[in-house]
Amino acid sequence: MSSFQKYYAKLSEIADFLLHNPELGYKEFKTSSKIEAEINKISPELKVEHYLNTGLKVTLTNGSQKTIGIIAEMDSLYQPNHKVADTSTGAAQACGHYTQITTALAIMNEIITNHRLEDFGANLAFIFTPSEEFVDLAWRKQQKEAGKIDYFGGKQEAIKLGIFDDIDYCVSVHAIGEDFDERTIEINCDLAGFNFEYFDFYGKASHAAFAPDAGINAQSIATLFNTALALQRQQIKDPNRIRFNPVIVGENHESINVIPDHIKMGTDLRFFDIDNAQKLMNRFKQAAEGCASALGGSVESERQVGYLPLISSKSMSAIVKDVFSADEKITGLIENRGYTMAAGDIGDVSFLIPTIQIGYGGWNGTIHGDDFTLVDPEFVLAIFPEFVFNSILKISNNLDQVKTYKKTKEEYLTELEKMAK
């Protein structure tokens, strides 16, 4: 019996604890404590580096010149209708992040228990990262205004703090929100980047029946703006790789017989081409100003920087495919999806260094939905971690086959500044 099978019962306990103790980003205190306690059980001699209050990093050094980072996301999603949601915060494990944690711990346990570190052609750094989900935005905005964070994404903050300065390659994993008839993994799937733009449309209140001519209808401005964005879709370059979804944000507290004087709207913009995205965001802003002017109102806008696109390392994924071909326990492979318009701050890491994200099935229900559930724990908690271990092992010993690049933290922060303009 492999160490992964022996460790399965313990991982099941950890997974159950994390499932029933979900926490939102930058608040993963119970999660962080649970992870560190288990690391200390694996080996009390392991040095744990702390960052961002909840983030953890453990580096295993074998004297190699390169280091592979192994990422595990710690946070949960805001999904208060999930059957095991935290009733006080609305947090729920509706994205499967808790099994990224168990995967990382299983790999660490194998390396330490069976003295496998010298088998690797690279040092290994386990990076448990907070705050991947782009939720709880009002609270994060308060934290930003208080100077406690600059970015809403945990990996963005970690990069800024230098947590990735010594990392040359990165391997991450993520649940796939689909049902499969066989145990399935996915490689070579890029993720979109995104920005948010918020628009406050202002008009003038008046009695809707007695003096409608004295008012300026902010709702009408917002409707005109929504139409303007819809008409812009026919002029978009590479439309299959662009998404935006304008919605009214918050509640309208006006009476039905009062011309509304304020409507707040927001839209995301999901993209792969940053320069093209910036042009579109500026066109959105121009359209908002034009619509407000056309109906006699005004508009204020605010941009919220999101995440960069994940551009997966094809050469690293090719090595993972070789491992899959030799694996008899995992029979399903998705390698031709190409991309999805979903996003994650793993894309920010891929800007810096060669990065891959290996997807894994074993779930039922809708990812991010109130019914997302782990249905094949043996696969997710034992078989898949061993596969990831073997993939990282083979990557580390074939780095000459990996197309390599390394950008600086300063180059990265400059890219985020470009997104903010």
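In this text the structure is predicted, and so the values were computed from the model without any measurement.

Asks: What should I look at first to understand the nonpolar core in this one?
Replies: For soluble globular proteins, the rule of thumb is that nonpolar side chains tend to be buried together. Within the largest apolar cluster, 65 residues are counted, with the highest numbers of intra-cluster contacts made by L105, F126, F128 and F387. Ranked by residue count, the leading element in this core is helix α11 (residues 377-396), at 11 residues. When residues no more than four places from it in sequence are discounted, the contact partners of F128 are I35, I39, Y51, G55, L56, A72, M74, I101, A104, L105 and M108. One finds Y26, Y151, F271 and L280 within the second-largest nonpolar core, a separate group that totals 55 residues.

Asks: For this particular structure, what's the right way to read the packing of helix α4 (residues 97-113) against α11?
Replies: Any two packed helices are characterised by the angle at which their axes cross and by the distance between the axes. Between α4 and α11, whose axes approach to 9 Å, the crossing angle comes to 60°. Comparing the axis directions of α4 and α11 gives the class oblique. In the crossing of α4 with α11, the sense of the turn from one axis to the other is right-handed. The residues of α11 that touch α4, namely those facing T99, T102, T103, A106, I107, E110 and I111, are V380, L381, F384, P385, V388, F389 and I392.

Asks: Teacher, can you tell me more about the packing of aromatic side chains here?
Replies: Aromatic ring pairs are described here by two measures, namely the spacing of the ring centres and the angle between the planes. Within this structure, the stated rule accounts for 21 aromatic pairs. With 5.6 Å between their ring centres and 40° between their planes, F134 and F152 make a pair best called tilted. Separated by 18 residues along the polypeptide, F134 in the loop between β6 (123-129) and α5 (137-145) and F152 in the loop between α5 and α6 (154-161) bring together distant segments of the chain. In this structure F134 comes out as buried when scored by relative accessible area, which is 15%. Residue classification places F152 among the buried positions, given a relative accessible area of 3%. Here F201 and F225 contribute two aromatic rings whose centre-to-centre distance is 5.4 Å and whose plane-to-plane angle is 55°, an arrangement assigned as tilted. Residue F201 is located in strand β9 (residues 189-202), and its partner F225 is located in helix α7 (residues 218-232); the two are separated by 24 residues in the primary sequence. Judged by its relative accessible area of 0%, F201 is buried. For R241, the ring lying beneath its charged end belongs to F272, and the centroid distance is 4.0 Å. The ring centre of Y339 lies 4.7 Å from the NZ or CZ of R241, which sits over that ring.

Asks: How should I be thinking about the environment of T408 in this particular structure?
Replies: Along the chain, T408 falls in the loop between α11 and α12 (409-420). By relative accessible area, which is 36% here, T408 ends up partly exposed. Spatially, the C-alpha atom of T408 lies 29 Å from that of A175, the residues being 233 residues apart in sequence.

Asks: In this structure, what is going on with the pairing of strand β16 (residues 355-360)? I would like to understand it.
Replies: The side chains of a regular strand alternate between the sheet's two faces. In terms of burial, β16 is a largely internal element, 6 of the 6 residues being buried. Burial of β16 is two-sided: the residues T355, Q357 and G359 facing one way and the residues I356, I358 and Y360 facing the other way are all buried. Alignment of strand β7 (residues 169-175) against β16, held across 6 bridges, turns out to be parallel. By the bridge assignment, V173 is partnered in β16 with I358. With 2 bridges connecting them, strand β8 (residues 184-186) and β16 associate as antiparallel partners. Across the sheet, I185 pairs through a bridge with Y360, a residue of β16.

Rules and cut-offs
- The numbers attached to residues start from 1 for each chain and follow its sequence in the written order.
- Restriction of local features to residues with pLDDT of at least 70 applies here, the model being predicted, together with a cutoff of 80 or more for giving and counting side-chain atom pairs; totals for whole chains, interfaces and linings are based on all residues.
- Side-chain numbers here rest on the full set of heavy atoms in the structure, without hydrogens or water.
- Residues enter a nonpolar core if they are buried and are Ala, Val, Leu, Ile, Met, Phe, Trp, Tyr or Cys, with the set joined through side-chain atoms within 4.5 Å.
- When accessible area is computed with a 1.4 Å probe and restricted to protein chains, residues below 20% of their type maximum are described as buried, those above 50% as exposed, and intermediate ones as partly exposed.
- The way it works is that DSSP assigns letters per residue, a run of H or I at least four long becomes a helix, a run of E at least two long becomes a strand, and they are numbered from the N terminus.
- Throughout, a residue-residue contact means that at least one pair of heavy atoms, one from each residue, lies within 4.5 Å.
- Axis definition: a line fitted to C-alpha atoms, limited for helices to the stretch in contact. Angles are taken between N-to-C directions and run from 0 to 180 degrees.
- Orientation is classified from the angle alone, with under 35 degrees giving roughly parallel, over 145 giving roughly antiparallel, 65 to 115 giving roughly perpendicular, and any other angle giving oblique.
- Here is the rule for handedness: rotate from the far helix to the near one, and if that takes an anticlockwise turn smaller than a right angle the crossing is left-handed, while a clockwise turn gives right-handed.
- Here a pair means two rings of Phe, Tyr or Trp (six-membered ring of Trp) with centres within 6.5 Å. Their orientation is stacked below 30 degrees between planes, edge-to-face above 60, and tilted elsewhere.
- Sitting over a ring, as applied to charges here, requires NZ of Lys or CZ of Arg to be within 6 Å of the ring centre and within 35 degrees of the ring normal.
- DSSP-based pairing: two strands are paired if at least 2 bridges between them are found.

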